Amino acid sequence: MAYADVIRITPAAHERPAAQSRLFRWLLKTLSAPELKDVHFTCRRIGMEGLSKDEPCLVLMNHSSFIDLKIAATLLSDRSYHIICTSDGFVGKEGLMRRVGCIPTRKFQSDAALVKDMRYTLRELKSSILLYPEASYSFDGTATPLPKSLGRCLKFLGVPVVMIKTNGAFLRDPLYNNLRIRKVDVSADMEYLLSPEMIRERTAEELNDILKATFTFDAFKHQQQNSIRVDEPFRADDLDRVLYQCPHCFKESMRASGETVACQACGRAYRLSEYGYLEAINGEPAFTHIPDWFYWQREQVRSSLLANAYRMEIPVDICMMVDYRCIYRVGSGTLTHDGAGFHLTGCDGALDYTQSPAASYSLYADYYWYEIGDVICIGTGSTLYYCFPRCDGNVVAKARLAAEELYKIALQG
């Protein structure tokens, strides 16, 4: 649809959460059972006797792959629960999603209406809330940033907090690997984390510290420490989406396929072993652990930002979301990212959107989004712009790192 027509569409009206259908709750659990059986799923429950069956609670869960939803559907099947999910999940199926018990939100944006919806769900519908506070899949198997508002949200809601942390979900289906499943067992820990009394006694900052410590994990370290073997011959396919910069020549020219990731500029290469280690094929390794390499890239991006040397300018195909009927293809343009934030232009000059670094603490960025392609998503509470890069090289991970570091810099003043 033409951009001029899309911007005239009336945005979707806000609706209060609807009661979750028991039939759909049973159906979600039933449909999840075969896959959980395949991964020999087990769950360790810690302190869960402190939560009564009919007591609404806030369930926080780390986010590694799509199996997370199936795990939650199984572990929470004995109680009513609502899922906070990204708004584009409602496109084309709004009625169904609401009956399942989903509440839409825009990723990485302040959303006062969402917090009110959560409180309404807990108090009026007597239903628990399932929230993925990272709001996005992990790129490197470690935790992504949590919003600083989370501690205040816990105090506002005033209900028990339960944590579900998965093991093996990332190794089975890492986002970079284009939804190609590996043979890995999956388990979870379900822990009664905070009582209402504990929440009242602590400050928002203290609660944030507890959550940050709880959300600390490293999928590759877990693999190494537990000798989990991943021997699929495609295990390093597209790993250059994550490890995009060579630590030897500093060129952003990594390419990965099969079991190896190699620099197209200097020739340095690594093999991803069956147990999650990086093994240098030629010369001494700069890194043996994928998250260490990814963190080094973050530091490179931050240094570039502080030196006013960071700039990304790429051609993109542009789609928009303004309602729940469709994601609209509106044309092409240019996405620029630098110290001033994002600047998107296109659609024959009709589109001109800017987004400051302080607008969001992270970036909605994804690989193989809805099996279409890698995407960078920016926008406002009423309009989202999905930008699909049309360039050589991998820019999605770098853009997310830069957005996160720019936000930190902006907060520091």
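Note that the structure is predicted; figures quoted are calculated from it, not measured.

The rules we used
Residues numbered from 1 in each chain as written. Predicted model: local features only at pLDDT ≥ 70, side-chain atom pairs only at ≥ 80, totals over all residues. Heavy atoms only, no water. Helix = DSSP H or I, 4+ residues; strand = E, 2+ residues; numbered from the N terminus. Rg over C-alpha atoms; globule rule 2.2 N^0.38 Å. Buried < 20%, exposed > 50% of the residue type's maximum accessible area, 1.4 Å probe, protein only. Contact = heavy atoms within 4.5 Å. Areas by Shrake-Rupley, 256 points an atom, 1.4 Å probe, with all protein chains shown as cover. Lys, Arg positive; Asp, Glu negative; His and termini not counted. Charge placed at Lys NZ, Arg CZ, Asp CG, Glu CD. 1 Å grid on protein atoms, 1.4 Å probe; cavity = no way out; pocket = protein on both sides within 12 Å on 5 of 7 lines; lining within 4 Å. Points joined across faces, edges and corners; volume = space filled by probe spheres on them. Pairing = 2+ DSSP bridges. Nonpolar A, V, L, I, M, F, W, Y, C, P; charged D, E, K, R; others polar. Expected span 1.5 Å × (residues − 1). Arc of directions from axis to C-beta. Core = buried A, V, L, I, M, F, W, Y, C linked by side-chain atoms within 4.5 Å. Axes fitted to C-alpha atoms, helices over the stretch in contact; angles between N-to-C directions.

Undergrad: Please clarify how the overall build of the protein should be interpreted in this entry.
TA: When helices and strands are tallied, the protein shows twelve helices and 18 strands. A globule of 413 residues ought to have a C-alpha radius of gyration of about 22 Å, and the protein, at 22 Å, matches this closely. In terms of principal-axis extent, the alpha carbons of the protein reach across some 60 × 55 × 40 Å. For the protein, the proportion of its 413 residues judged to be buried stands at 55%. Relative to all contacts within the protein whose residues are 6 or more apart in sequence, the contacts with residues 24 or more apart total 67%. As displayed, the protein has an accessible area near 18,400 Å², and 50% of this comes from carbon and sulfur atoms. Taking the average location of the 48 positive side-chain charges in the protein and that of its 50 negative ones, the two points are 4 Å from each other.

Undergrad: Would you mind showing me how to read empty space enclosed by the protein here?
TA: A water-sized probe rolled over the atoms picks out the places where empty space is left. Tallied over the entire structure, the rule returns two cavities of 30 Å³ or more. In this structure, the largest cavity spans a volume of roughly 80 Å³. What lines the largest cavity is His-337, Gly-341, Phe-342, Gln-355, Ser-356, Pro-357, Ser-360, Ser-362, Leu-363, Ala-403 and Leu-406. At the level of elements, β14 (341-346) and α12 (396-412) are the ones that each hand at least two residues to the lining of the largest cavity.

Undergrad: Whenever I open this one, the pairing of strand β5 (residues 128-131) confuses me. Can you help?
TA: Residues in a regular strand point their side chains to alternate faces of the sheet. Side chains of β5 alternate between two faces, with Ser-128 and Leu-130 and Ile-129 and Leu-131 buried alike. Sheet analysis places strand β2 (residues 58-61) next to β5, joined by three bridges and oriented parallel. In the sheet register, Val-59 faces β5, and the bridge partner there is Leu-130.

Undergrad: So what exactly am I meant to see when it comes to the layout of surface pockets here?
TA: A volume near 310 Å³ is recorded for the second largest pocket. In terms of lining residues, the second largest pocket is bounded by 20 residues, among which Pro-104, Arg-106, Asp-111, Tyr-324 and Gly-381 are the most central. When contributions to the lining of the second largest pocket are tallied by element, the ones reaching two or more residues are β4 (102-105) and α5 (112-123). When residues in the lining of the second largest pocket are grouped by element, the largest group, three residues, is from α5. Here the lining of the second largest pocket is built from residues that sort into eight nonpolar, seven polar and five charged.

Undergrad: Teacher, can you tell me more about α12 here?
TA: Residues that lie three or four places apart on an α-helix share one face, since the helix turns once every 3.6 residues. When the terminal C-alpha atoms of α12 are compared, their 25 Å separation across 17 residues agrees well with the 24 Å that a helix rising 1.5 Å per residue should span. Counting buried positions along α12 yields twelve of 17 residues, so the element is predominantly enclosed. Those residues of α12 that sit buried are Val-396, Ala-397, Lys-398, Ala-399, Arg-400, Leu-401, Ala-402, Ala-403, Glu-404, Glu-405, Leu-406 and Tyr-407. Looking at the buried residues of α12, the elements they touch are α11 (290-306), β12 (311-321), β13 (328-338), β14, β16 (364-369) and β17 (373-379).

Undergrad: Explain α5 here, please?
TA: Its twelve residues place the ends of α5 17 Å apart at the C-alpha level, agreeing with the 16 Å of an ideal helix rising 1.5 Å per residue. Considered for burial, the residues of α5 that qualify are Leu-114, Asp-117, Met-118, Thr-121 and Leu-122. Buried residues along α5 cover an arc of 130° about the axis, so they all sit on one side. For α5, exposure combined with an orientation more than 90 degrees from the buried face picks out Ala-112 and Lys-116. Lining the buried residues of α5 we find β2, β3 (81-86), β4, β5 and α6 (150-157).

Undergrad: Would you take a moment to explain the nonpolar core for this structure?
TA: Soluble globular proteins: nonpolar side chains tend toward being buried together. Within the largest apolar cluster, 64 residues are counted, with the highest numbers of intra-cluster contacts made by Leu-239, Leu-335, Leu-344, Ile-376 and Ile-378. It is α12 that provides the largest number of residues to this core, a total of seven residues. Apart from the residues lying within four places of it in its own chain, the contact partners of Ile-378 are Leu-335, Phe-342, Leu-344, Tyr-353, Gln-355, Leu-363, Thr-383, Leu-384 and Tyr-385. The next biggest cluster of nonpolar side chains, apart from the first, holds 46 residues, and it includes Val-59, Ile-67, Val-91 and Ala-169.

Undergrad: What is the right way to look at the sheet that holds strand β6 (residues 161-167) in this model?
TA: Backbone hydrogen bonds are what pair the strands of a sheet, in a parallel or an antiparallel way. Sheet architecture is open: seven strands sit in the order β1-β7-β6-β2-β5-β3-β4, paired in mixed fashion. Taken across any chain shown, the strands that pair with only one partner, and hence form the sheet edges, are β1 (42-46) and β4. Between one strand and the next, the sheet's axes are offset by a mean angle of 25°, whatever the strand orientation. Direction of pairing for β2 relative to β6: parallel, over a ladder of four bridges. Residue pairing in the sheet places Leu-60 in a bridge with Met-163 of β6.

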